[in-house]
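Residue-level listing of the chains:
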Amino acid sequence: MTRKKLLAIIIPVAILVLALIGGAVYYFCYARDIEVKDDDVIAKVGDQEIYAYEINYLMGVGYKSVDEAISYMGEYKAMVQKAAENGITLTDDDKKAVSDEISQMAQYYGGEEQLTTMLKQYGLTKEQYQKIGEMSKVVTNFQEKVQDLGLMQKVTDEDAKEYYNKNFLRAKHILFSNTDDEGNKIDDATVKAQAMEVYEKIKAGEPFEDFLSLSKDPGAETSPDGYIFFNAAELKASSDEKDQQKVSMLYNLGIPIMVDEFEQATAKLKVGEVSEPIKTNYGYHIIKRLDINENEKLFEDNKELIVSALESLRFEDMVAKWAEEYPVKPKKRMVRCLTKQIAAKQAKQQASQQNNAASSTQPADSQQQSTQQDASATDGKQTDANAQAAQ
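Presented here is a report on the structure given in the accompanying data block.

### Concerning the overall build of the protein
- Within the protein one finds 13 helices and seven strands.
- For the protein, with 391 residues in total, the buried portion stands at 33%.
- At a minimum sequence separation of 6, the contacts of the protein that also span at least 24 residues come to 70%.

### Comments concerning the pairing of strand 4 (residues 227-230)
- Neither face of strand 4 is left uncovered, since the one carrying Tyr-227 and Phe-229 and the one carrying Ile-228 and Phe-230 both have all their residues buried.
- Note that strand 3 (residues 168-177) and strand 4 share four bridges and pair antiparallel. Bridging across to strand 4, Leu-169 finds its partner in Phe-229.

### Let's talk about the packing of helix 4 (residues 92-109) against helix 5 (residues 112-121)
- Contact geometry for helix 4 and helix 5: axes closest at 7 Å, N-to-C directions at 100°. Classed by the angle they form, the pair helix 4 and helix 5 counts as roughly perpendicular. Residues Ile-102, Met-105, Ala-106 and Tyr-109 of helix 4 form the contact with helix 5, whose own contacting residues are Glu-112, Gln-114, Leu-115 and Met-118.

### Some details on the layout of surface pockets
- The computed volume of the largest pocket comes to approximately 690 Å³.
- Around the largest pocket sit 26 residues that line it, and Tyr-72, Glu-75, Gln-245, Met-249 and Glu-316 are the ones nearest its centre.
- Contributions of two or more residues to the lining of the largest pocket are made by helix 3 (66-85), helix 6 (126-145), helix 10 (241-252) and helix 12 (296-325).
- Looking at which element gives the most residues to the lining of the largest pocket, the answer is helix 10, with eight residues.
- Considered class by class, the residues forming the lining of the largest pocket number ten nonpolar, seven polar and nine charged.

### Focus: the side chain of Arg-170
- With respect to the helices and strands, Arg-170 occurs in strand 3.
- According to the relative accessible area criterion, Arg-170 is buried, its value standing at 3%.
- Within the structure, Arg-170 has its side chain in polar contact with the backbone oxygen of Asp-225 (distance 2.8 Å).
- Of note is the side chain of Arg-170, whose polar atom sits 2.6 Å from the backbone oxygen of Asp-291.
- Sequence-distant contacts of Arg-170, defined by excluding residues within four places in its chain, comprise Asp-225, Tyr-227, Ile-228, Thr-266, Lys-288, Arg-289, Leu-290, Asp-291, Ile-292, Glu-294 and Leu-298.

### Comments concerning the sheet that holds strand 3
- Judged by pairing direction, the sheet is antiparallel, and its four strands sit side by side in the order 4-3-6-5 without closing on themselves. One side of each edge strand has no neighbouring strand; the edge strands of this open sheet are strand 4 and strand 5 (278-280). Here the average twist between neighbouring strands, direction ignored, is 50°.
- Sheet topology places strand 3 next to strand 6 (residues 283-290); eight bridges connect them, and they run antiparallel. Considered in strand 6, the bridge of Ile-174 is made with Ile-286.

### A closer look at the pattern of salt bridges
- One pass over the full model with this rule turns up 17 salt bridges.
- Across the pair Lys-126 and Glu-112 runs a salt bridge, and its minimum N-O distance is 3.0 Å. One end of the pair, Lys-126, is in helix 6; the other, Glu-112, is in helix 5, with 14 residues separating them in the sequence.
- Since its relative accessible area comes to 33%, Lys-126 is described here as partly exposed.
- Among the residues examined, Glu-112 registers a relative accessible area of 39% and is labelled partly exposed.
- The network of salt bridges with common partners includes Lys-82, Glu-85 and Glu-325.

### As for the sheet that holds strand 7 (residues 329-330)
- Pairing is antiparallel across the open sheet formed by three strands, whose spatial order is 2-1-7. Each end of this open sheet is capped by a strand with a single partner; those strands are strand 2 (48-51) and strand 7.
- With four bridges joining them, strand 1 (residues 41-45) and strand 2 adopt antiparallel strand pairing. Counted as the bridge partner of Ala-43 is Ile-50 from strand 2.
- Running at roughly 55° to strand 2, helix 2 (residues 52-60) makes contact with strand 1 and strand 2 of the sheet.

### Thoughts on the packing of aromatic side chains
- Taken as a whole, this structure holds 15 aromatic pairs when the rule is applied.
- Taken together, a centroid distance of 5.4 Å and an interplanar angle of 45° make the contact between Tyr-63 and Tyr-72 tilted.
- A ring pair is formed by Phe-168 and Phe-230, whose centres lie 5.6 Å apart and whose planes are at 75°; its orientation type is edge-to-face. A residue pair is termed long-range when its members are at least 10 positions apart, and Phe-168 in strand 3 and Phe-230 in strand 4 qualify at 62 residues.
- Through successive ring pairs, a cluster of aromatic residues spans Tyr-163, Tyr-164, Phe-168, Phe-230 and Phe-299.
- Lys-161 extends its terminal NZ or CZ atom over the ring of Phe-299, reaching a point 5.2 Å from the ring centre.

### Structural notes on the nonpolar core
- In this structure, Ile-42, Ile-50, Ile-55 and Trp-322 are the most contacted members of the largest nonpolar core, which totals 35 residues.
- Those elements that place two or more of their residues in this core are strand 1, helix 2, helix 3, helix 6, helix 12 and helix 13 (332-390).
- With nine residues, the top contributor of residues to this core is helix 3.
- Discounting chain neighbours no more than four positions away, the residues touching Trp-322 are Ala-78, Met-79, Lys-82, Phe-142, Val-146, Leu-151 and Phe-315.

Cut-offs used in this document
- Residues numbered from 1 in each chain as written.
- Predicted model: local features only at pLDDT ≥ 70, side-chain atom pairs only at ≥ 80, totals over all residues.
- Heavy atoms only, no water.
- Helix = DSSP H or I, 4+ residues; strand = E, 2+ residues; numbered from the N terminus.
- Buried < 20%, exposed > 50% of the residue type's maximum accessible area, 1.4 Å probe, protein only.
- Contact = heavy atoms within 4.5 Å.
- Pairing = 2+ DSSP bridges.
- Axes fitted to C-alpha atoms, helices over the stretch in contact; angles between N-to-C directions.
- Parallel < 35°, antiparallel > 145°, perpendicular 65-115°, else oblique.
- 1 Å grid on protein atoms, 1.4 Å probe; cavity = no way out; pocket = protein on both sides within 12 Å on 5 of 7 lines; lining within 4 Å.
- Points joined across faces, edges and corners; volume = space filled by probe spheres on them.
- Nonpolar A, V, L, I, M, F, W, Y, C, P; charged D, E, K, R; others polar.
- Polar contact = N/O pair within 3.5 Å; in protein donor to acceptor, adjacent residues only side chain to side chain.
- Salt bridge = Lys/Arg side-chain N within 4 Å of Asp/Glu carboxyl O.
- Phe/Tyr/Trp six-rings, centres within 6.5 Å; stacked < 30°, edge-to-face > 60°.
- Lys NZ or Arg CZ within 6 Å of the ring centre and 35° of its normal.
- Core = buried A, V, L, I, M, F, W, Y, C linked by side-chain atoms within 4.5 Å.

This is the structure in structure tokens:
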């Protein structure tokens, strides 16, 4: 056999063998599903590691997908990385503070056993929850010192006033509620007609203030100068999830945010103008836009809250930069397998809930059947008694 013929046989066989070996290696190292354990690392962010139990926890508290949970945890780990670079570490006092908080939780839920059961619903052990609490403590300590470290510009009174002027609205309104004093629903046409009647009088020249006593808004007494609230229309309309998160963050900080219809109607008015009746879930509103700088007290009463909001927004912008500096580097196989595990767990839980819901109706059905049988038996006895009486 010539060398050429020999090579013609050997080369294809060698290629086939290498392909088979490569396929086997790929399957066993990458394609084959494996069980992801709680303490397995599924991604890295700088020197920080993202663990499976952290993603299980985030999915348990409402994140829609594993990718979304990893993205959020990635930002958190970027903060921990930046904190470590700036010398912010966990002290023994910090660890004790977290332990004390968990002990208080145990008391609230009725004991250690009840707390363990509650945490298990989120895929966590007490030790893992302690670690999450310690990580949160590091981030909190870092956020408190970020200005002193020179990483973020301090918010001045001038900054707060500029933000107030650009982003806040002030208004009073007359609410025609769609429920009566007992909580019963009132017909929409009736409520609208009441609002239109008053609006036509205001339109004809009667003072808006003369009708404020008709308003069914329970909060009016505590806000005699009207409502000052954040104009969140632009953020709410944004398709960027970060903007939606900012709205939630501002609301959680205590920044007043009105329902969309009220907010949008106020923004369209000039100062001093009155709106036509605006429908919301609460009924119909006649709104008058007011000057947010009618007196300096209006700003001063809200300054502390606005400074706090601005600091949080600036910190969020810093976090976004740190997340770019330290991008998430996922272990794709681990992420894929964890995603499958979580999906299977959720499907099992859903099936269990459906079975429980179905079984919970059975006793009622059985009770109904039993009642019907008892009634039939009673009818039968009554019939026999009637027959005996007739004889």
